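Fold and contact review
For reference, the chains in residue letters:
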Amino acid sequence: MTEQLIKALRQNSAAVETHLAALLSGNDPDYGRIQEAERYSVLGGGKRIRPFLVVEFCRLFGGTAEAALPFAAAIEMMHCFSLIHDDLPCMDDDNLRRGKPTNHVVYGEALALLAGDSLSIRALETAANNAQVDPAIALAAVKLLARSAGTDGMIGGQVIDMWGEEHPMTMEQLRKLQACKTGALIRAAALLGCLAAGVPEEDDRAAAASAYAENIGLAFQIVDDILDCIGNEALLGKPIGSDAEQGKTTFMHFMSVAEAQAYAAELTAKAKAAIAAYSGSEILLDLADYLLERQS
């Protein structure tokens, strides 16, 4: 990972953290506990890759950080909603997330469920309230977020994932699962960055951003599957081997570790090729390599 990328990730993470903290600063005397539960899962942890994609694609295509930050905060809220719900006993039943107890372990299942619900709604509200862009752009961002998180995106992927715990899956079904569950929000992040810069989805630049995001999204999931088999639990901040224990179908059911690593590298090369011609894309190219080589 280059020094330029390290610096950019840290700066972006700090800016997004500040923006999220301001948005989640409420402390109502009667329902402040849910606001605390939201802050617990959103603040102080995570790679912030999705917000980084928003900001960097906005920058790449001539937009400002001020226009990108509300969309960056919105997608991080949507992502954290999914993590809270994924960890619930009725879903993946995980007790650790980012090295600390999961939301339902600390706040109970009912409040964790509501905190996730609230964050998904806050995400849409935050995108809609982006005063740094034209209202038509804000509306397009809300539609994109809702589509990417809903039945035809992340939630649909989760449904396939649960079905796969009880049924054998094909490679094609697994790819569809990951394109929805993991890939949809990563693609949305890149396209939100384009929207913040005034670039609509039908533009060639947005198509390039989408191709980059779809390929790093799939590579990201393959690396996750590899790490769940051979990763360092201390670095991951969660138990390894949990996918196998839950009977989940992963890419490791269809290929060896070496084959999976080669496939992830191939996808990363495709992602980089999609945007390499754009001046200023170096940080995003470095990010693709970092995500391929990560250990957590």
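Here is a short report on the structure shown in this document. (Residues numbered from 1 in each chain as written. Predicted model: local features only at pLDDT ≥ 70, side-chain atom pairs only at ≥ 80, totals over all residues. Heavy atoms only, no water.)

**Things to note about the nonpolar core**
Of all hydrophobic cores here, the largest spans 76 residues; its most connected members are Leu53, Phe57, Phe71, Leu192, Tyr212 and Leu287. Top contributing element to this core by residue count: helix H4 (residues 65-87), with 13 residues. Here Leu287 is in contact with Leu5, Ile49, Phe52, Leu53 and Tyr212, once residues within four sequence places are set aside. Listed in part, the 17 residues of the second largest apolar core include Leu177, Ile226, Leu227 and Ala260. (Core = buried A, V, L, I, M, F, W, Y, C linked by side-chain atoms within 4.5 Å. Buried < 20%, exposed > 50% of the residue type's maximum accessible area, 1.4 Å probe, protein only. Helix = DSSP H or I, 4+ residues; strand = E, 2+ residues; numbered from the N terminus. Contact = heavy atoms within 4.5 Å.)

**Points about the environment of Ala65**
Topologically, Ala65 is positioned in helix H4. You can call Ala65 partly exposed: its relative accessible area is 39%. Considered as a pair, Ala65 and Ala196 are 131 residues apart in the sequence and their alpha carbons are 8.8 Å apart.

**Details of the state of the cysteines**
One pass over the full model with this rule turns up zero disulfides. For the unlinked cysteine Cys58, the closest cysteine sulfur is that of Cys194, found at 8.9 Å. By relative accessible area, Cys58 is classed as buried at 0%. (Disulfide = S-S within 2.5 Å.)

**Looking at helix H1 (residues 3-23)**
Residues spaced three or four apart along an α-helix point in a common direction, a consequence of the helix completing one turn every 3.6 residues. With 21 residues, H1 extends 30 Å between its outermost C-alpha atoms, agreeing within 8% with the 30 Å of an ideal straight helix rising 1.5 Å per residue. Those residues of H1 that fall on the buried side of the exposure criterion are Leu5, Ala8, Leu9, Asn12, Val16 and Leu20. Angular distribution of buried residues about the axis of H1 spans 100 degrees; they occupy a single face of the element. When the buried face of H1 is taken as reference, the exposed residues oriented beyond 90 degrees from it are Glu3, Lys7, Arg10, Thr18 and Ala22. Buried-residue contacts for H1 involve helix H2 (32-42), helix H3 (49-60), H4 and helix H15 (282-293). (Expected span 1.5 Å × (residues − 1). Arc of directions from axis to C-beta.)

**Here's the deal with the packing of aromatic side chains**
Scanning the entire structure with this criterion turns up five aromatic pairs. Look at Tyr40 and Tyr107: their rings are 5.6 Å apart centre to centre, the planes differ by 75 degrees, and that puts the pair in the edge-to-face class. Of the two residues, Tyr40 is situated in helix H2 and Tyr107 in helix H5 (residues 103-107); the sequence distance between them amounts to 67 residues. In this pair, the class of Tyr40 matches that of Tyr107, namely buried. With centroids separated by 6.5 Å and ring planes inclined at 65 degrees, the aromatic side chains of Phe251 and Tyr263 adopt a geometry described as edge-to-face. (Phe/Tyr/Trp six-rings, centres within 6.5 Å; stacked < 30°, edge-to-face > 60°.)

**Considering empty space enclosed by the protein**
A water-sized probe, rolled over the atoms, reveals where empty space remains. Tallied over the full model, the rule gives two cavities of 30 Å³ or more. The computed volume of the largest cavity comes to approximately 140 Å³. As for the largest cavity, its lining consists of 15 residues, and the residues nearest its centre are Tyr40, Ser41, Arg97, Arg98 and Lys100. Secondary structure elements with two or more residues in the lining of the largest cavity: H2, H4 and strand S2 (100-101). Ranked by residue count, the leading element in the lining of the largest cavity is H4, at four residues. A per-class count over the lining of the largest cavity returns six nonpolar, five polar and four charged. Computed from the structure, the second largest cavity encloses a volume of approximately 30 Å³. Ile216, Ala219, Phe220, Val223, Thr268, Ala288, Leu291 and Leu292 are the residues that line the second largest cavity. (1 Å grid on protein atoms, 1.4 Å probe; cavity = no way out; pocket = protein on both sides within 12 Å on 5 of 7 lines; lining within 4 Å. Points joined across faces, edges and corners; volume = space filled by probe spheres on them. Nonpolar A, V, L, I, M, F, W, Y, C, P; charged D, E, K, R; others polar.)

**What about the pattern of salt bridges?**
Within this structure, the stated rule accounts for 13 salt bridges. Here Lys181 ties to Asp161 by a salt bridge, and the two come within 2.7 Å at their closest N and O atoms. Residue Lys181 is located in helix H9 (residues 171-181), and its partner Asp161 is located in helix H8 (residues 154-164); the two are separated by 20 residues in the primary sequence. Taking the relative accessible area as the measure of exposure, Asp161 reaches 5% and is therefore buried. Where salt bridges share partners, they join Glu17, Arg48, Glu76 and Arg98 into one cluster. (Salt bridge = Lys/Arg side-chain N within 4 Å of Asp/Glu carboxyl O.)

**Topic: the layout of surface pockets**
Estimated volume of the second largest pocket: approximately 290 Å³. Lining the second largest pocket are 15 residues, and of these Ala179, Cys180, Gly183, Ala184 and Glu214 sit closest to its centre. Sorting the residues of the lining of the second largest pocket by element identifies helix H7 (135-149), H9, helix H10 (183-196) and helix H11 (204-230) as the ones contributing at least two each. If you tally residues by element for the lining of the second largest pocket, the top one is H9, at four residues. Within the lining of the second largest pocket, the residues separate by chemical class into five nonpolar, five polar and five charged.

Functional significance is not addressed by these values, which are geometric in nature.
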